[in-house]
Amino acid sequence: MIVTADLLQGEELAYLGTVPAREARSAPLPNGLHPKVREALATQGIDSLYAHQAEAWEAAARGENLIVTTGTASGKTLAFNLPVLDALAREPKQRALYLYPTKALAQDQLRSLGSFRLPRLRAAIYDGDTEAERRWQVRKWANVILSNPDMLHVGVLPHHDRWGDVLTNLAYVIVDEAHVYRGVFGSHVANVLRRLRRLARVYGAEPQFLLASATIANPGELARSLTGAEATVIGDDGAPRAERTVALWNPPLTDEELGLRASALGEASRLMAELVSRGLRTLCFAKSRRAAELIHRFTADRLGDDSRLSPYRAGYTPQQRRKIERRLLEGELLGVSATNALELGIDVGLLDCVLSVGFPGTVASLRQQWGRAGRRGHGLAVLVASEDALDQYFMREPETLLERRVEAAILDHENPRVLDGHVRAAAFEAPLDDADRDLLGDAALERAAVLPELQKTKAGYVWAGRDYPAARVSLRSTGPEAFTIVDSSSGTMLGIVEQERAYSTVHEGAIYLHLGESYRVRELDFTSRTAVVEPFRGDYYTQAKKETSTAIVEATRSERRLGVDLSFGRVVVTEQVVGYQKRSIQTQESIELVPLVLPQTEFETEAVWFLPEPWMLEGLDDMPRLLGSLHAAEHSLIALLPLWAMCDRWDIGGLSTNLHFQTGRPTIFVYDGHAGGVGITERGFDVFEGWTDDTARLLQGCPCERGCPSCVQSPKCGNLNEPLDKAGALDLLERMLGA
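This one's a predicted model, so the numbers in the text were calculated from it and none came from an experiment.

Each value, and the rule that gives it
- Residues numbered from 1 in each chain as written.
- Predicted model: local features only at pLDDT ≥ 70, side-chain atom pairs only at ≥ 80, totals over all residues.
- Heavy atoms only, no water.
- Helix = DSSP H or I, 4+ residues; strand = E, 2+ residues; numbered from the N terminus.
- Rg over C-alpha atoms; globule rule 2.2 N^0.38 Å.
- Buried < 20%, exposed > 50% of the residue type's maximum accessible area, 1.4 Å probe, protein only.
- Contact = heavy atoms within 4.5 Å.
- Areas by Shrake-Rupley, 256 points an atom, 1.4 Å probe, with all protein chains shown as cover.
- Lys, Arg positive; Asp, Glu negative; His and termini not counted.
- Charge placed at Lys NZ, Arg CZ, Asp CG, Glu CD.
- Phe/Tyr/Trp six-rings, centres within 6.5 Å; stacked < 30°, edge-to-face > 60°.
- Lys NZ or Arg CZ within 6 Å of the ring centre and 35° of its normal.
- Core = buried A, V, L, I, M, F, W, Y, C linked by side-chain atoms within 4.5 Å.
- Pairing = 2+ DSSP bridges.

It is worth spelling out the overall build of the protein at this point. Of the regular secondary structure elements, the protein holds 23 helices and 31 strands. Taken over the C-alpha trace, the protein has a radius of gyration of 26 Å; the compact-globule value for 739 residues is 27 Å, and the two agree within 12%. Overall, the protein is about 80 × 75 × 55 Å in size when its C-alpha atoms are taken along their principal axes. Looking at the 739 residues of the protein, the share that counts as buried comes to 59%. The long-range fraction of contacts in the protein, counting pairs at least 24 apart against all pairs at least 6 apart in sequence, stands at 73%. Roughly 29400 Å² of accessible area belongs to the protein as shown, and the carbon and sulfur atoms make up 48% of that amount. Here the protein holds 82 positive side-chain charges and 99 negative ones, and the gap between their average locations is 6 Å.

Here's what the structure looks like:
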């Protein structure tokens, strides 16, 4: 074992186990491979392929679309590069478009392609950083263009007349890190890729789609949802893997009654200092920039020297990041604390240990991070728990994490709030008619008929407006009425927030977190739709107090499950933020309640809801116990849904009531927090039994008596976590499971 046993022991150790090594399964280089590509591989010491790379080559040679979904460091990049390099060596006029979710990944791939030194390969990046005078050169000269979905959406498709030569010769579209395209972002990207296929067809091309993804539960379905075409799944990983020790580490309790634990950052820096002092290359993943910087500082303090340590995060210049990547690759650095900017496939060489501070949100993400440990030999992977409900659940039930199938990535490209903008954009790009049904779908043609800016002509529906409709659509939001968040100290735009979430997250006085940095909202301007924020260093956070009601529009699916009437369908959520509470980060105590006057908002979305039977509520039916039991059950269900759908608890909302005006009975709703819905709660409907069982186990296992942040308290509760009855919620869920 690479770490001495003395480090991994004590009350903090919640689990210690070993993942066995795996031998490589190889296949010879394909006979039909172009001699120049074969030579280029030989100079890199590659004389055979892993079995899954050979399988991908064969599927591509048959003209199929494909998605490679194998582990971290399994050579997915070569699996999709090989068919492209071979095609370009034969016919350099052909073009390939590579799409990445981040600019750093495109830079990394450009270096990787350059290392082949193939004379007919001309690769270039085309993104927001590409200088204006260089853009026409890239269009004219490059046969591999590296970009991102945002640039494709606003910079390429609306100006397709300039891209005629590229589109005519487009043979391959590579979509890397495909699991990132889920939820709202994925729903938009699915429409962008359909628009790309449509325009390629206009120019006489039918490109092949080669996707790569972290392991997810539904790769074939994701590829089909993103591209609108069937894809062959390549999932049988033939790459070797070193033996790996896995540990779950729970910071010690500091207050048993309140369920408070020692700082996860402090524990992580203690482990990192120990590992680095033993000469082990260690990468520590934190959930925020600030956490990554603090772990770096605490580790340096413990070691008394930071010459072999470095933090790594978004916000550094590309040159700074390249330098850190190079020093880590060459072994100059031993300890790097990073945000998940490093989680996606950037090559940082051979690491011994990976520490993940706080569950990163999905099992797929955690496996991506852990997959970097042990590339030189035996590896160590550690999850250091935060006090979050999901983290503590895993500490008590390790097998629910370690034996769990990865989540399903879900999107809904037909959500009208997402679709409308792309229908307008498509009509701007080329007239829309019935021939587009097979690519864009029936829903797109139905929307085209009712959108006021589209005009019906003999050629089809055309754009009658004066602007570029694509410029109105942000790929990261479902609504056009989004608010922009601007840092007053630097003038930079930090992000956007949909109107229906703006009042509860960026109201005046709110503490807003962006990439782990804290900002205080100075002003929310309704006219310009901007939230002006300033950096904040205080020791409190804010929680909006809001009044919420839910009206059922239509139940599209209803079944009798776990002894209750369970429904999925459309609802209208009405919210009004009436104030916010300041809470101490240290003690969680309330500092003050500040009243607010904000407009009421309403949005239509998808929800799952159920009506507990009267016998399930026996002994719980007095007020306020009934309301507390339903409320606590709703919170814990929301905390556990991310385990079944690749989402964040901030993507979902809920409401519980002792008497709903439409059902006439006690009812619990869990709804999609994005207007129109993106399929998250439908996934909850599909997996209701497993989801409820997980939730009951979360409550059973939490050692607190009355409920804490690790089980029923929610950081986003509109009622400020009142009333909550943990025991009542557990009784209800156990009775449902017993039924």
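Let us now look at the packing of aromatic side chains. Scanning the entire structure with this criterion turns up 15 aromatic pairs. Three or more aromatic residues joined by ring pairs make a cluster, and in this case those are F359, Y393 and F394. One cation-aromatic arrangement involves R135 over Y126; the distance from NZ or CZ to the ring centre is 5.5 Å. Across from the ring centre of F685, 5.1 Å away, lies the NZ or CZ of R561, which sits over that ring.

Here we come to the nonpolar core. L152, L196, L226, W691, L732 and M736 are the most contacted members of the largest nonpolar core, which totals 112 residues. Not counting residues within four places of it along the chain, the set of residues in contact with W691 comprises V608, L637, L640, L641, W644, V670 and G684. Formed by 41 residues, the second largest nonpolar core is a distinct cluster that contains V37, L118, I174 and A212.

Next up on the list: helix α2 (residues 51–61). Helical geometry: 3.6 residues make up each α-helical turn, so side chains three or four residues apart lie on a common side. What α2 keeps buried is the set H52, Q53, A54, A56, W57, A59 and A60. Its buried side turned inward, α2 meets β2 (26–28), β3 (48–50), β4 (66–68), α3 (76–90), β9 (208–212) and β10 (232–234). Immediately beyond the C-terminal end of α2, within one or two residues, lies G63, with a positive phi of roughly 85°.

We now examine the pairing of β9. Looking along a regular strand, one sees the side chains alternate between the two faces of the sheet. Within β9, five of the five residues are buried, leaving the element largely enclosed by the surrounding structure. One ladder, built from three bridges, connects β4 with β9; its direction is parallel. Residue pairing across strands places L66 opposite L210, the latter belonging to β9. Across four bridges, strand β8 (residues 170–175) lies against β9 in parallel orientation. Directly across from V173, in β9, lies its bridge partner F209.

Moving on to the pairing of strand β17 (residues 353–357). Summarising burial for β17: five of the five residues are buried, a large majority. Alternating positions in β17 separate into two faces, C353, L355 and V357 on one and V354 and S356 on the other, with burial throughout. Taken together, the five bridges between β17 and strand β18 (residues 379–384) define a ladder with parallel strand orientation. In the strand pairing of β18, C353 is matched with L380.

Limitation: the analysis is restricted to geometry and does not speak to function.
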